[in-house]
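Here's the letter readout for the chains.
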Amino acid sequence: MESAIDVADLGVRFRRNRGGRRTVKDLFAGASRRSRPGEFWALRDVTFTVEPGESIGVVGRNGQGKSTLLRLVASVLLPDEGTVRVNGGVAPLIELTGGFVGDLTVRENVRLTAGLHGMSKAEVAARYDEMIAFAELEDFQDTPYKHLSNGMKVRLAFSVVSQLDEPILLVDEVLAVGDKAFRDKCYKRIDELLTEGRTLFFVSHSERDLRRFCRRGLYLDKGRLVMDGPIGEVLDRYNADHNAH
Amino acid sequence: MATTVGAPGTPRRYFHSLWLLSARDLKVRYSTSALGYLWSVLDPLVMSAIYWFVFTQVFSRSVGEQPYIIFLITALLPWVWFNASVGDFTRAFKKDARLVRSTAIPRSIWVNRIVLSKGVEFLYSLPVLAIFVVANILIESDPAKTAHVGWGILLFPLAVLLQTVLLVGLGLLIAPLCALYTDLERTTALILRALFYATPIIYSVNDLPGVFQTLGMLNPLAGIFSLYRMAFFPDQWHPELVAVSSVMTVAILALGTWMFRTLERPVLKEL
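Given the structure is predicted, the values throughout are model-derived calculations rather than measurements.

The rules behind the values
Residues numbered from 1 in each chain as written. Chains lettered and ligands numbered in written order. Predicted model: local features only at pLDDT ≥ 70, side-chain atom pairs only at ≥ 80, totals over all residues. Heavy atoms only, no water. Axes fitted to C-alpha atoms, helices over the stretch in contact; angles between N-to-C directions. Helix = DSSP H or I, 4+ residues; strand = E, 2+ residues; numbered from the N terminus. Parallel < 35°, antiparallel > 145°, perpendicular 65-115°, else oblique. Left-handed = near helix turned anticlockwise from the far one by under 90°. Contact = heavy atoms within 4.5 Å. Nonpolar A, V, L, I, M, F, W, Y, C, P; charged D, E, K, R; others polar. Salt bridge = Lys/Arg side-chain N within 4 Å of Asp/Glu carboxyl O. Buried < 20%, exposed > 50% of the residue type's maximum accessible area, 1.4 Å probe, protein only. Buried area = accessible area lost by both parts, 1.4 Å probe. Polar contact = N/O pair within 3.5 Å; in protein donor to acceptor, adjacent residues only side chain to side chain. 1 Å grid on protein atoms, 1.4 Å probe; cavity = no way out; pocket = protein on both sides within 12 Å on 5 of 7 lines; lining within 4 Å. Points joined across faces, edges and corners; volume = space filled by probe spheres on them. Phe/Tyr/Trp six-rings, centres within 6.5 Å; stacked < 30°, edge-to-face > 60°. Lys NZ or Arg CZ within 6 Å of the ring centre and 35° of its normal. Patch = residues over 30% accessible without salt bridge, like charges linked within 9 Å, V, L, I, M, F, W, Y side chains within 5 Å. Areas by Shrake-Rupley, 256 points an atom, 1.4 Å probe, with all protein chains shown as cover. Pairing = 2+ DSSP bridges.

## Side note on the packing of helix 1 (residues 11–31) of chain B against helix 6 (residues 109–139) of chain B
Residue and element names in this part refer to chain B.
Thinking step 1. Contact geometry of helix 1 with helix 6 gives a least axis separation of 9 Å together with a crossing angle of 55 degrees. Relative to helix 6, helix 1 is oriented oblique. Once helix 1 is placed against helix 6, the crossing between them reads as right-handed. Where helix 1 approaches helix 6, its residues Tyr-14, Ser-17, Leu-18, Trp-19, Leu-21, Ser-22, Arg-24, Asp-25, Leu-26, Arg-29 and Tyr-30 are matched on the opposing element by Ile-109, Trp-110, Asn-112, Arg-113, Leu-116, Ser-117, Lys-118, Val-120, Glu-121 and Tyr-124.
Thinking step 2. Along the lines of polarity and charge, the residues of the contact of helix 1 with helix 6 split into eleven nonpolar, four polar and six charged.

## A closer look at the pattern of salt bridges
Thinking step 1. Scanning all chains against the criterion turns up 32 salt bridges over all chains.
Thinking step 2. Between A:Asp165 and A:Arg127 there is a salt bridge; the shortest N-O distance is 2.8 Å. On the criterion of sequence distance, the pair formed by A:Asp165 in the loop between helix 5 (150–161) and strand 6 (168–172) and A:Arg127 in helix 4 (residues 121–135) is long-range, its members being 38 residues apart.
Thinking step 3. The class for A:Arg127 is buried, based on a relative accessible area of 17%.
Thinking step 4. Between B:Asp96 and B:Arg113 there is a salt bridge, with the nearest N and O atoms lying 3.1 Å from each other. In this pair, B:Asp96 sits in the loop between helix 4 (92–95) and helix 5 (97–102) while B:Arg113 sits in helix 6, placing the two residues 17 residues apart along the sequence.

## Observations concerning the environment of B:Arg61
Thinking step 1. When you line up the elements, B:Arg61 lands in the loop between helix 2 (37–58) and helix 3 (68–89).
Thinking step 2. Setting aside residues up to four positions removed in sequence, B:Arg61 forms contacts with B:Phe55, B:Thr56, B:Gln66 and B:Tyr68.

## Regarding the interface of chain B and chain A
Thinking step 1. Listed per partner, the contact involves 35 residues of chain B and 42 residues of chain A.
Thinking step 2. In total, about 3400 Å² of surface goes out of reach between chain B and chain A, with carbon and sulfur atoms giving 59% of it.
Thinking step 3. Summed over the shared surface of chain B and chain A, the number is three salt bridges.
Thinking step 4. Our count for the chain B to chain A interface comes out at eight residue pairs in polar contact (both at pLDDT 80 or more).

## What about the layout of surface pockets?
Thinking step 1. The computed volume of the second largest pocket comes to approximately 690 Å³.
Thinking step 2. Contributions of two or more residues to the lining of the second largest pocket are made by helix 2 (66–73), strand 4 (81–86) and strand 5 (90–93) of chain A together with helix 1 of chain B.
Thinking step 3. Considering every element that reaches the lining of the second largest pocket, the biggest residue donor is strand 4 of chain A, with five residues.
Thinking step 4. Partitioning the lining of the second largest pocket into residue classes produces 18 nonpolar, eleven polar and five charged.

## Here we look at the packing of aromatic side chains
Thinking step 1. Taken as a whole, this structure holds 23 aromatic pairs over all chains when the rule is applied.
Thinking step 2. Ring geometry for B:Phe225 versus B:Tyr228: centroids 6.2 Å apart, planes at 50 degrees, classification tilted. Placement of the pair is B:Phe225 and B:Tyr228 together in helix 10 (residues 220–229), with a separation of three residues, close to one helical turn.
Thinking step 3. Of the aromatic side chains, those joined through ring pairs into one cluster are B:Tyr51, B:Trp79, B:Phe82, B:Phe196 and B:Tyr197.
Thinking step 4. For the cation-ring pair, A:Arg44 lies above A:Trp41, with the distance from its terminal atom to the ring centre recorded as 3.8 Å.

## Digging into unusual backbone geometry
Thinking step 1. A cis amide bond links B:Gln66 to the next residue, B:Pro67, at an omega of -15 degrees.
Thinking step 2. A positive phi angle, close to 50 degrees, is found at A:Lys222, a residue other than glycine.
Thinking step 3. Looking at the element boundaries, A:Lys222 is found in the loop between strand 8 (216–221) and strand 9 (224–230).

## Observations concerning empty space enclosed by the protein
Thinking step 1. Taken as a whole, this structure holds three cavities of 30 Å³ or more when the rule is applied.
Thinking step 2. In this structure, the largest cavity encloses a volume near 110 Å³.
Thinking step 3. Those elements that provide at least two residues to the lining of the largest cavity are helix 3 (106–116) of chain A together with helix 5 of chain B.
Thinking step 4. Partitioning the lining of the largest cavity into residue classes produces seven nonpolar, six polar and one charged.

## Remarks on helix 3 of chain A
Residues separated by three or four positions in an α-helix point in the same direction, a consequence of the helix having 3.6 residues per turn.
Thinking step 1. Extensive coverage of helix 3 of chain A is indicated by the burial of eight of its eleven residues.
Thinking step 2. If you check which residues of helix 3 of chain A are buried, you get A:Val106, A:Asn109, A:Val110, A:Leu112, A:Thr113, A:Ala114, A:Gly115 and A:Leu116.
Thinking step 3. Looking at the buried side of helix 3 of chain A, the elements it contacts are helix 4 and helix 5 of chain A together with helix 1 and helix 5 of chain B.
Thinking step 4. Looking one or two residues beyond helix 3 of chain A, the residue adopting positive phi is A:Gly118, at roughly 105 degrees.

## Some points on a nonpolar patch on the surface
Residue and element names in this part refer to chain B.
Thinking step 1. A cluster of nonpolar side chains, contributed by Val-149, Trp-151, Ile-153, Leu-154 and Trp-237, occupies part of the molecular surface with about 560 Å² of accessible area.
Thinking step 2. Position of Trp-237 relative to the elements: it lies in the loop between helix 10 and helix 11 (239–270).
Thinking step 3. Assessed through its relative accessible area of 40%, Trp-237 is described here as partly exposed.

## Notes on the sheet that holds strand 8 of chain A
Residue and element names in this part refer to chain A.
Thinking step 1. One open sheet holds the six strands; their spatial order is 5-6-7-3-8-9, and the pairing between them is mixed. Lying at the two open borders of the sheet, with one neighbouring strand each, are strand 5 and strand 9. Strand-to-strand twist across the sheet, computed as the mean angle between neighbouring axes with direction ignored, equals 15 degrees.
Thinking step 2. Relative to strand 8, strand 3 (residues 55–59) runs parallel, the two sharing four bridges. Across the sheet, Gly-57 pairs through a bridge with Gly-217, a residue of strand 8.

Rendered as C-alpha cells:
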C-alpha cells in the first residue's frame, strides 16, 4: 500500500529578521546547502513516512518548526531542500478562518471556501445544511461574515473544512478556540473521521489531545526530528527534556 | 475522489478555483456598494469627459480622430482594465495572505483571478461604448463626425486576447516582486501614471513625431489599443505595430513565468 505522506531530507530556511537586507543576488541564488548569514534553518534533515490511517502528533516547544512542517505538508510553503510527497488530497485545518470574506454572507462564504477546497457545486449544495447545523448557525445564514462573533467564525470554518472528503486531515491548534461544548463536538467529529480511516496530522500543545487522538509522535527540537515513536514515549521524552531545562 | 472537482493540479480544478475567486471579487464589488455596476464605468466616463472637454473645447485638437469622444472611450475602457489590474497586482498576495497561507491552490491563480475579474468588469463596461456610438450616429448630422462601424470590429477579440496575455505576464512579474519589495508598490503606481500619457490613449501612434513613434511602438499597449480602435477607425491599422506588440507581449509572458517560478518560494515564506 502506498504511504500517505512521504517526507525526505526536508529543510526550509527563513530570514532571521524581517528587516534584514535582501539583495537581488540573494533571490536568484537558489536553494544551496549553505546557510547564508542572517538566515536560519527552521527545519532540517527531517525524514519520515506516514501510512494511510495513521494518526500522528507533532510535539515540540514554540518555534521549533511544528507549524512550518504542517504548512509544508499542506504545500502552502515550498521546501528549500528535500521533498514532501502527499498522496491524495489534504483537508487543512490551519489558519481556519483565512478563506472567509467579511463582506459576504455565511451562505456565500461556505460555497466559496468549500469550492476552493475542491468541492463541486452539487456537493456543496448537498452538504450545506449539515455544515450549517454543525456550526449551529441556522439563524445567521444571510448575515455578513464580519458580523459573526469570533466563536461563530471558528465554528463555521471547522464545520466546512471537516466536511471535506480528503484522506488526510491536518490540524493545527484549532481546538484551542471555541467553548467547551463545541470543542467536544469537534473532538467527536475528528474521532469519526479517524474511524473512517483518515490520516491525521496533528499539532498541539495539549498533551491530553495528543494522547487522545494520536498513536505515533514526532518530536521536533531546533528544527530537527529528534524522536519518532509511539506517542506516549515521545511525550515522556518531551516532558523529561522540558522539565530538565 | 468522486466529490472533488478534478484532482489537484488538473486544469479543471485550476479553472474551478480561478472562477470561484474571480466571482468572489465581483460579488464583493457589486454587493457592498449601492452604485455597484456604475463604479466600473464611472471612472472611464469621467476621464473621457475631462479629455473630451480639454481637447475639443479648450484646445483645438490636432491628435486623434473624429468623433473624438469615441476615439477616447475605445482606448480608455481597456486602459481602466489594465490600470486596475496592475494596481491590484501590487497587493495580489498581501490582500489574501491568510488564504494563500492556508489553501494549496496553484499560486498563479492569485494573479490570474485579478486579470479575469477586472476583465469581466471591462466586458460589463462595453455597453457604455455602444451607447455613445448609437447616440453619435443618431445625433450627429455632419458625416465627417459620425462613427462608422467597420470590419475592424472583428479584431476586437484579438485585442482582448492580447491584453489578457500581456496582463498575465505582467502580473506574474509584478505580484511576487511587490510582495518582496514594498517600495515597488509606489514605483508601480508612478510608472502607471507615466504610462497613461506614454500610451496612445488620448492620441494615436500616428500622431507621434519621428523617433518617438519608433519608441512608442515598443509599448505593447500601443498595438493592442490600435486593434480596439479598428472597429471605428480603419486608419489605425498598423500591421507592424501589432506584430511588435504581440512579440513584446509574449516576451513579457515568458519573463513573468520565469520570474514567478523563481520567486514563488521566497514569497510564500514572506507571507
